[in-house]
Every structure is written in C-alpha cells, then in structure tokens.
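Here are the chains, one letter per residue:
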Amino acid sequence: MVSRGAGSVQFIDLSLRDGQQSLLATRMSTEQVMRLMGPVLDTGVKNLEVWGGAVLDSAMRFLDENPFERLALMSEKSRPYGAGLRTLSRGQNLFGYDPYPDDIVRDFNREAVKAGTTIMRIFDALNHVPNFKAALEGVREAGGIFDAAVCYTTGTPYDTGHFVRKALELQEMGADMISDKDMAGLKSPIDAWEYYSGLKAKLSVPVVSHTHCTPGYGHIAAVIAMLCGVDMIDTAFLPLAGGSSHPSAELLGVFAEVLGIETGLDLSDKTLEPLHREMREVVSECEKQFSLKVHRSVWPGREALLPKAEAVIEHLARGRIENALSVVHEMEALCGFPPPNLKVLEAQIPGGMYSNFVNQLARDNKSEYLGRALEAVQEVRQKAGWCPLVTPTSQIVGVKAYFTAMGKDVNPVQFVNLIAGYYGKTPFPISPDYRQQVCGFRDERQYDSSSFNREIPTASGTTLPLAETPQEKMLYYLFPDSSGKAYLEKRRLAQWGEMEAERSREEARNLETRRGSLEKNALLNRFSGDMDALSERLSRSVSASGEDLDPDNLDQIAGLAEDTRD
C-alpha cells in the first residue's frame, strides 16, 4: 500500500441517524436533533444522513412524533447552509418484512424526497438488483439522487469481485452513486484495499464508504478508502462515533491532513468545542430518559493524534498491516472509544445480532449455547444462499439459528419465505432439496403483492379515516399493525375530541342565539300588543270627543295617550 497524493474527500455526517441509532437506540427527539443540526452544519458538512432506518418507527413509537414533520424541519434548517439530507431505506420491502407493491415503493420514495430528502440510499438485504427498480423510479419522479448500496458480507463463496460486479449492475441500472455498506464492519484492511481499488477502477459514479467500528476495522478501513481515492466516507462526530457506530470525522480529519487530502471541513477547536458540548448534553439526556449507557468519547486534540497518524501511514506504505492496525487502536483508545469486539470479529456477524443472542440466551437461561448458536448462523446462511446479515435477513437467520442451536427443527414463516424466494434471489442458489424440506416445493417462487390491502380503516369510535394525507398513508402502510397505526389512531382521536368539543361549542352558541331570538320576539310581541291597545283606545277617545286631532299637536296626542293608560 502506498499513500495517496493531494486530492479531496467528503465526510458525510451520520450522527443524527445511524450514529444515534447505533448508540442511543434512535431515541433522539426532534427538538434534540434540531439543537444539534446547527453545530454540525457549522463544521461545513455538506451532506447529513438524518432519516430512514429506525427513525420513522422510533419517532412514532417512543416519542409520539411525526417523522415527516421532523424531515421537513431538518430540510428547512439545512437549506441556508446548502447542505443535503440523506435517507436510508430498503428496496422492495421498505421497513418491513414482506415486499410491497411497486406503486407503494415508488410513492414512499417520492414522498421522502418531496418532504426534504436530497439523497435516497437504498439497499437490499440480498443485493438482488431488481429489488431496487421501483425505489429508483420514485426517486427519479421527485428529482432526488439515488444512492445504491451494496451490502458487504463474508463467507466461503465470497470475494471482493462479487461485490464489485453487483456495484456495476447497479450503476448500469441508473444509480447516481454507489455505497459500500459494511453494516458489521467486517472488511479487513487487505479486503478494503482490494474492494475500494476495484470500485474506483470499474465505476464512473462516485463511491461512498460506509462501515462500523465494532470489530476494530472501522477507522483503518476509512483511511484505506481515502488512500484508494474513494469520494465520500460516512462518519459521525466524536460523542456519537466509535464502538458500534462509525469512524470519527475528527480522527479521520487528522489522517486527511497527513495525506494532504482536503475535506472542506472546519475541525478546529473553535468549531468542535460547542458541537461536542451540545452533543454530549443530548447523549446524557437520552441516557437518563431511556436508561441507556454510551461510552464517553474525548477529544485529545490533533497534536496528540498527528504523530500516530503519520506512523499508521508509514506502516501501511511498508505493508505492515498489523502494526498500522495496532496504532489505530491506540488512537481510538485516546478518543475514549471501546476496544475492538473480538467476539463479533470471530463470529463474523453484526454487533447487534451478537448482542441479541447473548441477551436472548441469558433470558432463557441457555447462555452455554452461545457458541453453538454462532456456529448455527453460518450453517443456516449456507443453506439460505449465503445471504448477507442485515435487516431483515439478520433477524430471520438469527431466529432460525437460535432454534437450530436448541436442537429444534422449527421454520418460522419469514425463514420459509426467504427459502421460497419471496424476498428475491439469494446471492448463491438454494438447494431445491432444502427448499422442498422447508417449503414443500422445489421451485423458486416470487412474492405476489397483488393482495396488498390499501384500505384505510377508521379510528376507533370515530368516523375519521386513520390516514388522510399521502404521508399519513405511507406511515400506515409501512407500520399497519404497530407504531404507525397507534400513532395515527392517537392523532385521530385527538382530532375527534377537538371536533366534538367544537360541536359542543357550536351547539351552545346556537342555543344562546335561539334563546336571544325568543326573548327578542317576546319583547316585540308584548310591545306590539301594547301598541294595538293604545291605537284602539285612541280611536275610542277620538270618537267620544267628536274632535279631529291635529297631527302636529303632539301635546294633545300625548295627553290622550296618558288618559288611556291602565
């Protein structure tokens, strides 16, 4: 490996989406996100990932917030800075398990761009290229940028050439940029060099590096990406970087300085201090409110890191990979990041998946089965066409592996659907014999979305439909039995209550109007009766006196009126 000459690279900030999802279970409120956007944008960041992933579900489920309204506010905030916003979504199955009809996929992507997203990053858990098509069409309709992500994974039949070929297919489909999505951070330094070099050699569109730091490869993979000339790198700012999150923009900024690569960012203490202070405050608030625990990052300053960054580049230039990796880990320790999770590295699975196994087995008093469960993951993947482990396949494979470790021959419905072919073609073929065993048929089949239910029900106890606007319909379609339905139900019930209160107020106003009208009519009737009596008495008086009254003689008339009073 050799160092790269002068050039430029763009750091994309993921602090407000994947950073907080990785470390804070996506619990930041809109108010907290908006507090952080200004300090983040003040660094000069030109693209931020702020939406998608778990944001929509979490905003409705835990925060009682409308995620589309959050996106609109963030778009308004970023506009004066000339910064773009990115959303992460899956292709055909969006945020659920089952694939959606093409029109629903197109509608969601179009609505996301209309609400303020600039870039839609789309991935598919199987890297099945046809699953990107409907999403691409929706982004194009709204004038957005299409970022196609290739999910990186490991396993016996894989090599870096496999992923480069997938990237080429997506470029030919019409992707505006290609992202390497290493959701588990498993790409070794050598694989990173081969992969990023291959992408830059073959592709004509910009290349984006995305990785996590869990097993200890995150920062060195990002450095190698810079050496290979990658155009953009996903990062997070210090309080929400490292661990299961992403490489630190501050730390990578030091490497960029050593390499003579321009980032366009202001990473001076004057800019970083208020950002770090506000971000740490938000982290503390979320920890307290939701009983979370996040590592405490610190900024040792560029002077402390600069000599070590130079040493890393020197080691890489001389091919001393392990030495370079060791120094990178020293730099991570200086920043307060957790040490590499070697168990995740050994298991070759995402950190979240590993944690789920540990927690589930502990709850079931089966912790001694952890080793067997991790072995079962690779056994299941092999039978399931070596699918990458990312939502939803990580959950599907994880549940099947759990049962396998327990010695139970159980096939959950989602696993049956995966083997059947309903999620799309797996990276490598599934044995027809195994499909027969699991599904009851040998041939690969496609999911039929024609029965998708577009009917919008009414809120309980009201005549109001749960969803009225295109955005509300998307929230219902995406989460029809969980957070979307519950959130919309609450909104409609509140709306119904306001309508009932307004109806009560209107009835009270009408009653008051009728009462006033009745009282006025009663007064007029009484006055009318008095006038009739007066007229009659005047007539009798005139007749009795036999005199003609002078209309101009008011005193005479008044006197007669006085004489006729009871």
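Attention here is on the structure that accompanies the text. (Residues numbered from 1 in each chain as written. Predicted model: local features only at pLDDT ≥ 70, side-chain atom pairs only at ≥ 80, totals over all residues. Heavy atoms only, no water.)

## Some remarks on helix α1 (residues 15-24)
Consideration 1: Within α1, eight of the ten residues are buried, which leaves it mostly tucked inside the rest of the structure.
Consideration 2: Taken together, the buried positions of α1 are occupied by S15, L16, R17, D18, G19, Q20, L23 and L24.
Consideration 3: The positive-phi residue at the C-terminal boundary of α1 is A25, with phi of around 55 degrees. (Buried < 20%, exposed > 50% of the residue type's maximum accessible area, 1.4 Å probe, protein only. Helix = DSSP H or I, 4+ residues; strand = E, 2+ residues; numbered from the N terminus.)

## Some details on the nonpolar core
Consideration 1: If you look at the biggest cluster of nonpolar residues, it comprises 118 residues, and the most contacted ones within it are W51, F108, M226 and F255.
Consideration 2: Discounting chain neighbours no more than four positions away, the residues touching F255 are V223, M226, A309, V312, I313, V328 and M331.
Consideration 3: The next biggest cluster of nonpolar side chains, apart from the first, holds 34 residues, and it includes V377, A405, Y423 and F441. (Core = buried A, V, L, I, M, F, W, Y, C linked by side-chain atoms within 4.5 Å. Contact = heavy atoms within 4.5 Å.)

## Thoughts on unusual backbone geometry
Excluding glycine, residues mostly have negative phi values, and the peptide bonds linking residues are mostly trans.
Consideration 1: Note that the residue after T391, namely P392, is joined by a cis bond; omega there is 5 degrees.
Consideration 2: Considering the arrangement of structural elements, one finds P392 in the loop between α16 (370-383) and α17 (393-405).
Consideration 3: Located in the positive-phi region is L94, a residue other than glycine, with phi close to 50 degrees.
Consideration 4: Counting through the fold element by element, L94 comes out in the loop between β4 (84-90) and α5 (102-115).

## Here's the deal with the side chain of R121
Consideration 1: Mapped onto the fold, R121 is located in strand β5 (residues 119-123).
Consideration 2: Within the structure, the side chain of R121 is placed 2.6 Å from the side chain of S179, a separation counted as a polar contact.
Consideration 3: Among the polar contacts made by the side chain of R121, one reaches the side chain of D234 at a distance of 2.8 Å.
Consideration 4: Residue contacts for R121: discarding those within four places in its chain leaves E49, R86, T87, L88, S89, D147, A149, S179, V208, H210 and D234. (Polar contact = N/O pair within 3.5 Å; in protein donor to acceptor, adjacent residues only side chain to side chain.)

## Description of the pattern of salt bridges
Consideration 1: The tally for this structure, following the rule as stated, stands at 41 salt bridges.
Consideration 2: Its salt-bridge partner being R110, residue D107 comes within 2.6 Å of it at the nearest N-O pair. Of this pair, D107 and R110 both sit in helix α5, separated by three residues, roughly a single helical turn.
Consideration 3: D107 sits in the partly exposed class, given a relative accessible area of 22%.
Consideration 4: The structure contains a network of salt bridges with shared partners spanning R17, D18, E49, R86, R121, D147 and D234. (Salt bridge = Lys/Arg side-chain N within 4 Å of Asp/Glu carboxyl O.)

## Points about the side chain of Q32
Consideration 1: Note on placement: Q32 falls in helix α2 (residues 30-41).
Consideration 2: Among the polar contacts made by the side chain of Q32, one reaches the main-chain amide nitrogen of S29 at a distance of 2.9 Å.
Consideration 3: Those residues in contact with Q32 that lie beyond four places of it in its chain are R27, V282, E285 and C286.

## A closer look at the packing of helix α15 (residues 351-363) against α17
Consideration 1: Closest axis-to-axis distance for the α15/α17 pair is 11 Å, and the angle between their directions is 35 degrees. For α15 against α17, the interelement crossing comes out right-handed. Counted together, M353, F357, Q360 and L361 of α15 and S394, V397, G398, A401 and Y402 of α17 form the full contact between these two elements.
Consideration 2: Looking at side-chain class alone, the contact of α15 with α17 contains six nonpolar, three polar and no charged residues. (Axes fitted to C-alpha atoms, helices over the stretch in contact; angles between N-to-C directions. Left-handed = near helix turned anticlockwise from the far one by under 90°. Nonpolar A, V, L, I, M, F, W, Y, C, P; charged D, E, K, R; others polar.)

## Thoughts on the pairing of β4
Consideration 1: Burial of β4 is extensive: seven of the seven residues sit out of reach of the surface.
Consideration 2: As paired strands, strand β3 (residues 47-52) and β4 are joined by five bridges and run parallel to one another. Across the sheet, residue W51 finds its bridge partner in β4, namely T87.
Consideration 3: Bridge analysis of β4 against β5 gives five bridges, and the strand direction is parallel. Bridging from a neighbouring strand, R90 pairs with F123 of β5.
Consideration 4: Each parallel crossover has a hand, and the one from β4 via α5 to β5 is right-handed. (Pairing = 2+ DSSP bridges. Right-handed = clockwise from strand over helix to strand, strands pointing away.)

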